[in-house]
Structures are given as structure tokens and as C-alpha cells.
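Here are the chains, one letter per residue:
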Amino acid sequence: MTTLRPFTCDDMFRFNFVNLDPLTETYGLTFYLQYMAHWPEYFQLTEAPGGEIMGYIMGKAEGHGSNWHGHVTALSVAPDYRRLGLAAKLMSGLEEISEKKQAYFVDLFVRVSNTVAINMYKNLGYIIYRTVLEYYSGSPDEDAYDMRKALTRDVDKLSVIPLTHPVRPEDIE
């Protein structure tokens, strides 16, 4: 049976293999610790019966007024555990937390080349809100889609009216 539980400091020494994917962003230890300290409810993992970490999600709540939202910073599932619905389960948990915090929407950034993830997010009800030019560093830099899903507080779904023009990272609120 798969267990969904909070990410702990001890997990920092056990989750590296989940990040062994060129499309998964990997951060420094202090970045992960900052998320655990500030938004522990948004940092969850799925664990196999033997204790192996199958995947994790890291996020936060941010913004002001009608821009108050949940944000998915990272979502990753180990290759051996993909296509089992774990990513959807983790996303659902983050959306529920965001609903409890009365957020208007949940957003995330995804590489425009990551069609598998884009299609998964679309199947979960996310739309492409805008393109962010050169969001991901690399050679060459890569654009990102800012994808969003309106939550129940956004009755008129104003948060998911797509922008018609791309933006640069420095233009993101």
C-alpha cells in the first residue's frame, strides 16, 4: 500500500534517485529546507511499503488578493513508479491544501518540451495561462508554460483567462 506523508529532514538523504530525470529541477539543500520550514503542509511524498520514496511534491502559498494561490514548485515521480496515478494523487493533495487556504488557483511552470507532463496537467484540469520566455536556464534557455487551475474561490474563473502574449521571468508577480 502506498503511503502519502509529509516530507521530513531525514528524507533529504533518501530522495535523490527520484530526481534522476533531466526534466526535473534539482535544488540545493537550503532550498528544500526553506520549503519544509515555511510550507510543510505543501511538501509531501509517496512511499512504497518497503520505505522507498516513490515521488514527492513541493509547493507553497503565495500572492495577494485575487492572486492568492497555491504554487507547485516541484513534482517528481521515480521512473519505476510512473503511470500509476501518483502524480495525480500528489497534485490533488496540494489542491486540497490550497482550497483550505482559500486560494483562487493553483499554478505551476513546466518546460514547453515536456509534453508528457503538459498532457498530464491538462488531464487534471490545468490550462496554459501564459508562456514565460527563457524561464529555464540551459544551452539554450528554454521557455516555460505557466499552467493554472481555478479553485472554488474563483467563481468567475478569472484566474484562468489565458494571456495572449508571452512574458519574461522578471515580469512574473
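Residues numbered from 1 in each chain as written. Predicted model: local features only at pLDDT ≥ 70, side-chain atom pairs only at ≥ 80, totals over all residues. Heavy atoms only, no water.

J.: Give me the pattern of salt bridges: which residues, what numbers.
T.: Counted under the stated rule, the structure contains 12 salt bridges. A salt bridge links R111 to E25, with the shortest nitrogen-to-oxygen separation between them at 2.8 Å. Remark: E25 occurs in the loop between β1 (3–6) and α1 (29–38) and R111 occurs in strand β5 (residues 105–111); sequence separation between them is 86 residues. On the basis of relative accessibility, which here comes to 12%, the residue R111 falls in the buried class. Using a relative accessible area of 29% as the deciding quantity, one classes E25 as partly exposed. The partner of E41 in a salt bridge is K101, and the shortest N-O contact between them spans 3.0 Å. (Salt bridge = Lys/Arg side-chain N within 4 Å of Asp/Glu carboxyl O. Helix = DSSP H or I, 4+ residues; strand = E, 2+ residues; numbered from the N terminus. Buried < 20%, exposed > 50% of the residue type's maximum accessible area, 1.4 Å probe, protein only.)

J.: Tell me about the UniProt feature "domain: N-acetyltransferase" (unreviewed entry) in the protein, and please be specific about residues and values.
T.: As annotated by UniProt and renumbered to match this structure, "domain: N-acetyltransferase" (unreviewed entry) occupies residues 2–152. With 23% helix and 35% strand, residues 2–152 has its two end C-alpha atoms placed 28 Å apart. (UniProt positions renumbered as here; feature names shortened; annotations may be inferred.)

J.: Report on the packing of aromatic side chains, specifying residues and quantitative values.
T.: Considering all chains together, one arrives at 14 aromatic pairs under this definition. Ring geometry for Y27 and Y32: centres 5.8 Å apart, planes at 75°, overall edge-to-face. Arranged with centres 6.1 Å apart and planes meeting at 65°, the rings of Y121 and Y126 form a pair that is edge-to-face. Its relative accessible area of 7% is what places Y121 among the buried residues. (Phe/Tyr/Trp six-rings, centres within 6.5 Å; stacked < 30°, edge-to-face > 60°.)

J.: With reference to specific residues and values, describe the sheet that holds strand β6 (residues 127–136).
T.: The strand order across the open sheet built from seven strands is β1-β2-β3-β4-β5-β7-β6, with neighbouring strands paired in mixed fashion. Since the sheet does not close on itself, it has two edges, and those belong to β1 and β6, each with one partner. Strand-to-strand twist in this sheet, taken as the mean axis angle between neighbours without regard to direction, amounts to 25°. Sheet topology places β1 next to strand β2 (residues 44–47); four bridges connect them, and they run antiparallel. By the bridge assignment, L4 is partnered in β2 with T46. Across the sheet, α1 is in contact with β3 (53–62) and β4 (69–77); its angle to β3 comes to roughly 65°. (Pairing = 2+ DSSP bridges. Axes fitted to C-alpha atoms, helices over the stretch in contact; angles between N-to-C directions. Contact = heavy atoms within 4.5 Å.)

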